[in-house]
Amino acid sequence: MSEQNKPTNFIRQIIEADLASGKHEKIHTRFPPEPNGYLHIGHAKSIVLNFGIAEDYGGECNLRFDDTNPHKEDVEYVEAIKEDVRWLGYQWSGLYYASDYFEQLYQFAVELIEKGLAYVCDLTPEQVREYRGTLTEPGRESPYRNRSVEENLDLFRRMRAGEFPDGSRTLRAKIDMASPNMNLRDPTLYRIRRGAIHHQTGDEWCIYPMYDFTHPISDALEGITHSLCTLEFEDHRPLYDWVLDHVSAPCHPRQIEFARLNLEYTVMSKRKLTQLVEEGHVEGWDDPRMPTIAGLRRRGYTPASIRDFCNRIGVTKVDGTVEMGVLEASIREDLDRTAPRRMAVLDPLKVVITNYPEGKVETLEAPNHPKDDAMGSRQLKLTREIYIDRADFRESANKKYKRLVLGGEVRLRNAYTIICDEAVKNDQGEVVELRCHYDPETLGRNPEGRKVRGVIHWVSASEGVEAEVRLYDRLFRVPNPAAEDAPLGELLNPDSLKVVQAVVEPALADAAPGERFQFEREGYFCRDAVEAEQGRLVFNRVVTLRDSWAKVEKKGG
RNA sequence: UGGGGUGUCGCCAAGUGGUUAAGGCACCGGACUUUGACUCCGGCAUCGCAGGUUCGAAUCCUGCCACCCCAGCCA
């Protein structure tokens, strides 16, 4: 897989330069999710970047939960996130929580107060907003801005002691209310959250530090060398640096921003993903149509394919949108190499092979992979009655159609050729059964004097096994749902899931949960692990095969 | 109308004054084929616009234009 090709990007170039110049001997990165939701493919980009750099430069990467807002967070998410990171194939050097640093953070805040660089402000949230000014007008200084160090120290201590109600006071940095950068207009450092039970620290604290104060210090305490985050934090970098410049932190990591991932035909924001789940448009966070790691996993994506995808799309500061085709190409490339082949008929049409003895069951050997003998083979069962896919028969067609037509001949994959003699119809004129005869001389060799161009898949009617197959497609009908005005629910692709009752070859009956196959001529499928717990045989379509016939057909083939 | 960013093929993305402007995905031809798959061969851009500097510019300068982000006691 193209995964071996070492990625290069502007961040890696910075790191290589820092290593070459001796600025750093060892690189230390971190992946810092807030445990307030499930990870998605956009997080995978960050994970592959951070852990990939640590791997490639002999450094380390921490997993750190940015848990400074107890209102939104939960242990359920920390466990899910750990599982997802591991599943993607990474092992963190250190597992930390920003909440591990609450006491140290408090002391650093005290240090700022003592330096006259932070103050307790009694403005209400509404007043703070008014005082902040606008994008084009400077803000005004808070009337509490010049309290004495002693008073600030006292008030901050009492904030911690729980003496003041939520929203009544904050600790603010004293920077510049006229700064063109809004983040520098005396940003909030601490707020009061009295009733909150934090998932790690319980009720030990009733004041909580803000991201802008917590993040640089957490990075510094862990000895992070390069703090990689997304573009929307570019404006926060001056504040990140201000904090570290004014506090006695052990080091000063460098924040570097890159563009977050946008993928066509899906959404990535936590709010919208939550909406999909809560409004019942999908069955849950692990619905195979979701761009979550859990969803992709259940769909049948491999960790390697996701890593490969992340390396293919690169890392830059350009705010772009990647086509689904790239993700699909990654999983196809992986599964083409690794998935055993099987036959499954998704839209069964019965075929009676009239010259095949009734009751006979012939065992045929079929390779698991056309190009990899090491993958072995499995047994097929041929009988007088079989199923083929409806789409593989037409009463008549032009020469571009290579499948079965009335009077025509086609090869049954891994078996004999058959010639169609009759199409039996019901009262509505629909074809309900085909009567064909086979050529016993064509097993493993071509018939004399004629060329059979088509090959179709099939399954024995009596030996085949019934299975539910879920055909997934893109969740939305528009490339960029987030940019539309209409409610999310109206932008969904009505065909994002089609459930069919299929007949699959016997070997598929004991597929392991999560096991992946190529259903020949159809696509890649994976046995649904959740349904497997109930003993149900359900397959999810990971992705279709590339289909050049569909293009020919569309053009009038 | 303030500040911070970004503009190279349909999509992603190399490129860091002298290269025929990498590569991947997609697309279009063709070969092969017991998967209309895979594989293979071939095709596919003058770099947002306009000026300027230079023997030479996607790369430097100037001026425009377009798009993204910022006014949470969210991250």
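Residues numbered from 1 in each chain as written. Chains lettered and ligands numbered in written order. Predicted model: local features only at pLDDT ≥ 70, side-chain atom pairs only at ≥ 80, totals over all residues. Heavy atoms only, no water.

With that settled, consider the overall build of chain A. Check the secondary structure of chain A and you find 14 helices and 27 strands. Over its C-alpha trace chain A gives a radius of gyration of 31 Å, far above what one expects of a compact globule, namely 24 Å for 557 residues. Here the C-alpha coordinates of chain A stretch approximately 100 × 55 × 45 Å along the principal axes. Here chain A, with 557 residues, has 53% of them falling under the buried criterion. Excluding contacts between residues fewer than 6 apart, the proportion of contacts in chain A whose partners are at least 24 apart in sequence is 71%. By element, 45% of the accessible surface of chain A is carried by carbon and sulfur atoms, the whole surface being about 24900 Å². (Helix = DSSP H or I, 4+ residues; strand = E, 2+ residues; numbered from the N terminus. Rg over C-alpha atoms; globule rule 2.2 N^0.38 Å. Buried < 20%, exposed > 50% of the residue type's maximum accessible area, 1.4 Å probe, protein only. Contact = heavy atoms within 4.5 Å. Areas by Shrake-Rupley, 256 points an atom, 1.4 Å probe, with all protein chains shown as cover.)

Turning our attention to the protein's contact with RNA strand B. Near RNA strand B lie 68 residues; those nearest to it are Gln13, Arg193, Arg341, Lys371 and Arg413. Each atom of RNA strand B within 4 Å of the protein was classed as base or backbone; sugar and phosphate made up 67%. Backbone polar atom of Gly167 to a base nitrogen of RNA strand B: 2.7 Å apart, as the coordinates give it. Secondary-structure elements contributing two or more residues to the surface near RNA strand B are helix 5 (125–132), strand 6 (188–192), helix 11 (303–313), helix 12 (324–338) and helix 14 (548–554). (Near = heavy atom within 4 Å. Polar contact = N/O pair within 3.5 Å; in protein donor to acceptor, adjacent residues only side chain to side chain.)

Right, let's get into the environment of Val351. Secondary-structure assignment places Val351 in strand 12 (residues 348–353). For the pair Val351 and Cys121, spaced 230 residues apart in sequence, the C-alpha separation works out to 81 Å. Among residues more than four places away in sequence, those in contact with Val351 are Arg384, Glu385, Ile386, Ile388, Ile418, Leu434 and Cys436.

Moving on: helix 3 (residues 75–87). Between its first and last C-alpha atoms helix 3 spans 18 Å; for 13 residues at 1.5 Å apiece the expected length is 18 Å, and the two agree. Among all positions in helix 3, only Tyr77, Val78, Ala80, Ile81, Lys82, Asp84, Val85 and Trp87 are buried. Close packing links the buried residues of helix 3 with strand 1 (28–31), helix 2 (41–56), strand 2 (60–65), strand 3 (95–97), helix 10 (293–299) and helix 11. The opening residue of helix 3 is Asp74, an N-cap whose side-chain oxygen sits 2.8 Å from the backbone nitrogen of Glu76. Gly89 sits one or two residues past helix 3 and shows a positive phi near 105°. (Expected span 1.5 Å × (residues − 1).)

Ranked by size, the top nonpolar core spans 39 residues in total, and within it Val85 and Ile306 carry the most contacts. At the level of secondary structure, the elements contributing two or more residues to this core comprise helix 2, strand 2, helix 3, helix 10, helix 11, helix 12, strand 26 (523–527) and strand 27 (538–544). If one sorts the elements of this core by residue count, helix 2 sits on top with 6 residues. Apart from residues no more than four positions distant in its own chain, Ile306 is found in contact with Ile41, Ala44, Trp87, Leu88, Leu296 and Tyr301. (Core = buried A, V, L, I, M, F, W, Y, C linked by side-chain atoms within 4.5 Å.)

Within the element layout of this structure, Tyr265 appears in the loop between strand 9 (254–258) and helix 9 (270–278). A residue is classified by how much of its surface remains accessible, and Tyr265, at 15% relative accessible area, is buried. When the C-alpha atoms of Tyr265 and Arg86 are compared, they prove to be 27 Å apart, with 179 residues separating the residues in sequence.

The 7 strands are arranged 10-25-26-27-23-24-11 in an open sheet whose pairing can be described as mixed. The open sheet terminates on both sides in strands that have one partner only, identified here as strand 10 (341–342) and strand 11 (344–345). In terms of strand pairing, strand 11 meets strand 24 (residues 497–504) through 2 bridges, oriented antiparallel. Pairing of Val345 across the sheet is with Val503, part of strand 24. Docked against the sheet, helix 12 engages strand 10, strand 25 (516–519), strand 26 and strand 27, running at close to 115° with respect to strand 27. (Pairing = 2+ DSSP bridges. Axes fitted to C-alpha atoms, helices over the stretch in contact; angles between N-to-C directions.)

Below, the discussion takes up the sheet that holds strand 22 (residues 458–460). Ordered in space as 21-18-19-20-12-15-22, the 7 strands form an open sheet in which the pairing is mixed. A single partner strand is all that each edge strand has here, and the edge strands are strand 21 (455–456) and strand 22. In this structure, strand 19 (residues 417–425) lies alongside strand 20 (residues 431–439), joined through 8 bridges in antiparallel fashion. Of the residues in strand 20, the one forming a bridge with Glu422 is Arg435.

A word on the side chain of Arg172. Along the chain, Arg172 turns up in strand 5 (residues 170–173). Buried charge Arg172 goes without a salt bridge, the closest partner of opposite sign being Asp186 at 4.8 Å. Polar contacts involving the side chain of Arg172 include one to the main-chain carbonyl oxygen of Asp186, which spans 2.8 Å. (Lys, Arg positive; Asp, Glu negative; His and termini not counted. Salt bridge = Lys/Arg side-chain N within 4 Å of Asp/Glu carboxyl O.)

Scope: geometric values only; no functional claims are made or implied.
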